[in-house]
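Each chain, letter by letter, is given below.
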Amino acid sequence: MWTELNSPDDRRAAVAQLLLLHLLAAALAPWLAKVLRTKAFPVLALAPAVSFAWLVSVSNDVRSGNLPTQRISWVPGLGIDLDFRVTTLSWVLGLLVTGVGALVLLYCTWYFSDRDPTLWRFTSVFTAFAGAMLGLVLTDNLLVLYVFWELTTVFSYLLIGHNPASSTNRRAAMQALIVTTFGGLAMLVGIIALGVHHSYSISVLLADPPPLDAVTVAAVVLLLVGALSKSALVPFHFWLPGAMAAPTPVSAYLHAAAMVKAGIYLVALLAPAFAGAPAWHALTVGLGLFTMLVGGWRALRQHDIKLLLAYGTVSQLGFIVAIAGLGTKTSALSALALVIAHALFKSTLFLTVGVVDKCTGTRDLRELSGVGRRLLPVAVPATLAGLSMAGIIPLAGFVSKESALESLWQDVQTSAPLPAPWSWLAIIGVVAGSALTVAYTARFLWGAFAAKPGVAPTPVKAAHPGFVLAPVLLGVASLLLGLLAPLESPWLMPYAVGFPVGSEPQTLALWHGVTVPLLLSLVSVAVGLVLFAQRDLVSRVQSGVPALVDGERGFARTLRWVDRGAVETTAVTQRGSLPIYLAAILIVFVALPGAAAVTRGTFPQVRLWDNAGQAVVGIVIVAAAVLVLVTRRRLTAVMLVGATGYGVALLFILHGAPDLAITQMLVETVSLVVFVLALRRLPTKFTRHPHSPSRTWRIVLGAAVGASVGAIALVASGGRNSEPVSAGFPTEAYAFGHGKNIVNVTLVDIRAWDTLGEVSVLVAAATGIASLIFVRTRNTRLSRATAKSLPSTSPGRGTWLHGGRTMRTEKRSVIFEVVTRLVFHIMLAASLFLLFAGHNQPGGGFAGGLVAGLALVVRYLAGGRYELDEAAPFDAGLLVGIGLLVAVGSALAPLAFGGTILETTTVDFTLPPWGEVHVVTSLAFDIGVYLIVVGMMLDIVRSLGTGIDRQIAEEAEAADDEDDAQDDAGVDASAEAAGAQEGVRS
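Note that the structure is predicted; figures quoted are calculated from it, not measured.

Chemist: I'd like a description of the packing of aromatic side chains, backed by residues and values.
Modeler: Counted according to the given criterion, the structure contains 15 aromatic pairs. For the ring pair tyrosine 107 and phenylalanine 467, a centre distance of 4.9 Å and an interplane angle of 35° mean the geometry is tilted. Of this pair, tyrosine 107 sits in helix 5 (residues 88–111) while phenylalanine 467 is found in the loop between helix 20 (420–449) and helix 21 (469–483), placing the two residues 360 residues apart along the sequence. A residue is classified by how much of its surface remains accessible, and tyrosine 107, at 1% relative accessible area, is buried.

Chemist: Can you break down the nonpolar core residue by residue, with the values?
Modeler: Judged by nonpolar contacts, the single largest core of 191 residues is most densely connected at Phe129, Trp239, Leu240, Tyr253 and Trp280. With 19 residues, helix 16 (residues 329–360) is the single largest residue contributor to this core. Counting residues in each nonpolar core, the second largest holds 41 residues, with Val673, Leu677, Leu756 and Ala891 among its members.

Chemist: Can you break down the pattern of salt bridges residue by residue, with the values?
Modeler: This structure, assessed with the given rule, holds nine salt bridges. When the shortest N-O distance is used, the salt bridge between arginine 363 and aspartate 357 registers 3.6 Å. The partner of aspartate 364 in a salt bridge is arginine 366, with the nearest N and O atoms 2.9 Å apart. One connected set of salt bridges, linked through shared partners, spans Asp304, Asp357 and Arg363.

Chemist: Hey, could you go over the packing of helix 8 (residues 167–197) against helix 10 (residues 214–230) for me, with residue numbers and the actual values?
Modeler: Contact geometry of helix 8 with helix 10 gives a least axis separation of 7 Å together with a crossing angle of 155°. With respect to their mutual orientation, helix 8 and helix 10 come out roughly antiparallel. In this structure, helix 8 crosses over helix 10, and the sense of that crossing is left-handed. Here Val179, Thr180, Phe182, Gly183, Ala186, Met187, Val189, Gly190, Ile191, Ala193, Leu194 and His197 of helix 8 come into contact with helix 10, specifically with Val215, Thr216, Ala219, Leu222, Leu223, Val225, Gly226, Ser229 and Lys230.

Chemist: For a positive patch on the surface, give the residues involved together with the corresponding values.
Modeler: The grouping of Arg632, Arg633, Lys685, Arg688, Arg695 and Arg698 at the surface amounts to a positive patch. If you trace the backbone, arginine 698 turns up in helix 30 (residues 693–718). Classification of arginine 698 by relative accessible area gives exposed; the value is 53%.

Basis of the calculations
Residues numbered from 1 in each chain as written. Predicted model: local features only at pLDDT ≥ 70, side-chain atom pairs only at ≥ 80, totals over all residues. Heavy atoms only, no water. Phe/Tyr/Trp six-rings, centres within 6.5 Å; stacked < 30°, edge-to-face > 60°. Helix = DSSP H or I, 4+ residues; strand = E, 2+ residues; numbered from the N terminus. Buried < 20%, exposed > 50% of the residue type's maximum accessible area, 1.4 Å probe, protein only. Core = buried A, V, L, I, M, F, W, Y, C linked by side-chain atoms within 4.5 Å. Salt bridge = Lys/Arg side-chain N within 4 Å of Asp/Glu carboxyl O. Axes fitted to C-alpha atoms, helices over the stretch in contact; angles between N-to-C directions. Parallel < 35°, antiparallel > 145°, perpendicular 65-115°, else oblique. Left-handed = near helix turned anticlockwise from the far one by under 90°. Contact = heavy atoms within 4.5 Å. Patch = residues over 30% accessible without salt bridge, like charges linked within 9 Å, V, L, I, M, F, W, Y side chains within 5 Å. Areas by Shrake-Rupley, 256 points an atom, 1.4 Å probe, with all protein chains shown as cover. Lys, Arg positive; Asp, Glu negative; His and termini not counted. Charge placed at Lys NZ, Arg CZ, Asp CG, Glu CD.

Below, the structure is given as structure tokens:
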């Protein structure tokens with residue numbers, strides 16, 4: 001169901017359609033890459049380009065406050081909807097995600113080779129990541145935001161680990177995955193706490209912020225943990241430099257314009273409502289400025305220009321988070337300007353590194369010399385981007401940094417939201433961090449493009465014009481955005497005015513006069529240039545200073561501790577004894593829920609039976625259960641266990657539940673068959689053990705478990721204080737499921753999602769078990785050699801139970817074969833009747849499938865394994881797969897007719913000579929279940945029946961061969977002895 005909110009023009013609410021466009025592009029990407037190779041990238045770039053164009057088209061609506069919104073009903077009962085809302089903040093981030101994404105995809109056309117074997121995967125994952133990132137910044141629901149958040153985590157893992165053959169890629173990808181997933185899980189706890197106590201709707205939380213009680217504060221802190229891990233702030237900063245193992249386009253997109261911006265987006269999103277929360281400023285401003293200094297300091301030590309940019313990115317991200325977390329109107333405006341400027345200059349620089357690397361074959365600044373003159377088309381935009389990063393007029397970076405310093409200077413004057421001493425400390429931190437930024441920017445430009453004394457000019461290949469297009473456009477955009485800064489402010493101001501703290505911010509501009517922020521900016525530039533000029537001295541100082549913040553080493557040490565703890569815990573708890581494991585589980589069960597039921601539960605008034613029949617069946621069940629414990633024969637024990645199951649089926653019948661009774665009896669029969677087939681490889685009797693203390697304890701524990709189960713059942717049955725949800729099932733079964741059998745309608749309609757999940761698990765389990773039992777294939781159809789060994793039939797006459805002739809005479813049963821001839825087809829007909837009649841009468845696909853499977857069992861028992869292969873000459877795995885395909889297909893089919901997944905409808909038509917026919921579409925789903933169950937039964941018989949038969953036959957043949965060998969050896973020995981005696985006589 002689609003519901004448009006505040007969107008009279010349908011063209012304005014198209015977020016879901018854009019996400020579907022990215023999904024479709026990602027699905028087609030492998031095929032496009034196979035057909036077009038690298039030429040697929042411009043085609044895939046159309047997806048983010050279209051999204052960019054749509055965001056541009058709604059710019060005036062966003063600026064005027066007429067925000068485009070869209071809602072898709074998902075789980076209304078839980079208040080979960082696919083809500084999308086384009087605010088000023090999400091609009092800006094969306095433009096960056098889509099615009100830079102389209103250019104990076106275009107850039108990939110010349111970065112990758114047509115011979116790259118992983119091209120199909122990269123194109124698909126990259127496009128899917130772009131769509132997930134777009135959904136993340138445009139959603140208006142915290143739970144949906146988390147879904148997209150984790151999708152970006154998974155896709156980034158695949159992109160960073162682009163080359164799975166490289167241990168560096170694998171290690172970097174795993175590191176990023178672990179760190180960001182940890183933050184994501186903490187964030188999920190915060191989202192649930194915030195949503196349960198207040199609302200999952202972002203717009204509702206921002207419009208009416210909840211009181212800052214303990215739960216809210218804890219939730220906000222957990223959300224910040226997720227944000228800081230995603231944006232690579234200390235102590236999570238180490239994953240981002242490690243991620244430089246990824247291809248350069250990945251770094252240019254994920255670590256400049258997309259993934260790392262997710263954490264900043266979350267901080268900026270929550271700041272208007274929660275910037276006053278305890279620990280907020282410590283986590284955002286404090287850690288942000290500390291990260292800015294750590295990243296800048298580490299950047300000065302790098303010789304790999306890409307790694308230099310990585311640490312510079314860490315530094316810049318800390319700066320942006322600090323300003324975004326300040327929580328005033330001026331800081332909000334400057335933070336949004338910083339986000340835009342950073343995305344432009346950092347993506348330009350990363351793309352430049354890719355060009356330099358491809359054209360020179362190295363990224364080591366000690367080996368690069370004179371590259372700038374030979375790669376002038378990228379050197380110029382890279383210089384513009386570098387100047388913007390350093391905050392030099394008239395670039396966009398200067399405007400945004402000037403605004404950030406202005407917001408801090410206002411805090412010093414007003415002592416709000418930070419006390420004046422802390423505001424001064426923040427200003428000092430920003431100036432110091434900006435000086436480091438100037439120094440490592442100069443180091444990058446000098447290292448990448450300058451001619452160095454004593455270093456031979458680096459050989460440079462000419463770059464394709466298309467290869468430099470993206471960095472040129474982004475570099476020029478950094479210049480234009482700085483020159484046109486006053487025009488930028490009106491588009492960003494709606495976000496800033498939403499903050500409750502601070503005065504109206506100044507318009508972004510290149511010149512506000514000689515102000516304190518301008519002087520502070522000049523100081524940072526001067527200090528930075530001095531640091532670069534004295535880079536040899538700085539290098540010696542750095543080599544003598546220990547690494548106080550070494551996140552990667554701490555991460556590795558933590559993993560070692562976790563691994564060691566896991567090994568020690570496993571050594572203590574996993575002793576390799578099944579009785580110990582089972583005893584531990586049962587003791588915990590008795591000690592916790594069992595004891596709670598007995599001591600704190602309320603026991604209802606118990607009525608032992610409604611009629612005498614129930615009492616008789618109950619006595620039989622108890623007697624059979626007791627006899628199981630004293631019998632020594634395994635087959636007898638199995639039969640007694642089966643008696644308890646059949647007794648339960650009788651109780652179902654006495655309680656008026658024939659559908660449950662049929663299913664119970666069929667399942668019990670299948671269980672008996674499984675046990676009996678398996679018993680052929682086990683001893684006839686149980687081993688008799690002498691009485692021991694351990695046996696006494698097992699008896700006591702078993703009795704305690706039984707008592708606990710009974711107590712829990714009684715307490716649970718007497719603890720109901722509201723009407724059960726199933727009370728409305730009879731009405732819903734006929735009104736919505738169009739059936740009179742409530743049980744079957746519940747399975748295929750009311751709770752069809754549960755059934756679909758259960759059959760999927762069943763298929764997965766069947767596949768796993770089959771892979772253990774059938775080493776080669778599930779398909780055990782007769783080979784030509786085996787078929788030739790069967791007795792032939794006379795022409796023109798069919799022989800039923802054909803495979804039975806291969807059985808030994810003493811194993812054949814005439815009565816059984818006659819009965820099989822009589823009941824096999826009847827059982828198949830009965831299974832089909834249960835399938836088709838189950839919607840209105842007792843039965844259904846599950847019960848029908850069990851009956852069909854039991855018919856195959858009867859055929860096997862009468863004629864042996866060859867007869868089974870003739871009765872079912874098809875692959876069990878194929879049948880299971882077809883069943884799952886039918887079930888899923890029937891679930892999705894209603895979407896093609898404007899319905900919802902698993903929606904049921906009726907089809908009525910006249911079919912002579914039967915007349916009116918009433919068919920329910922959920923029958924197709926039931927047919928899928930039927931096929932899955934039949935395939936499972938075939939798997940069981942072929943593994944425990946045919947498989948064991950084959951083993952027994954092979955063992956018999958081996959024994960016969962051994963006997964023949966011994967006989968031959970005896971004959972030879974006799975002949976030799978006779979010859980010897982003849983020789984003596986002679």
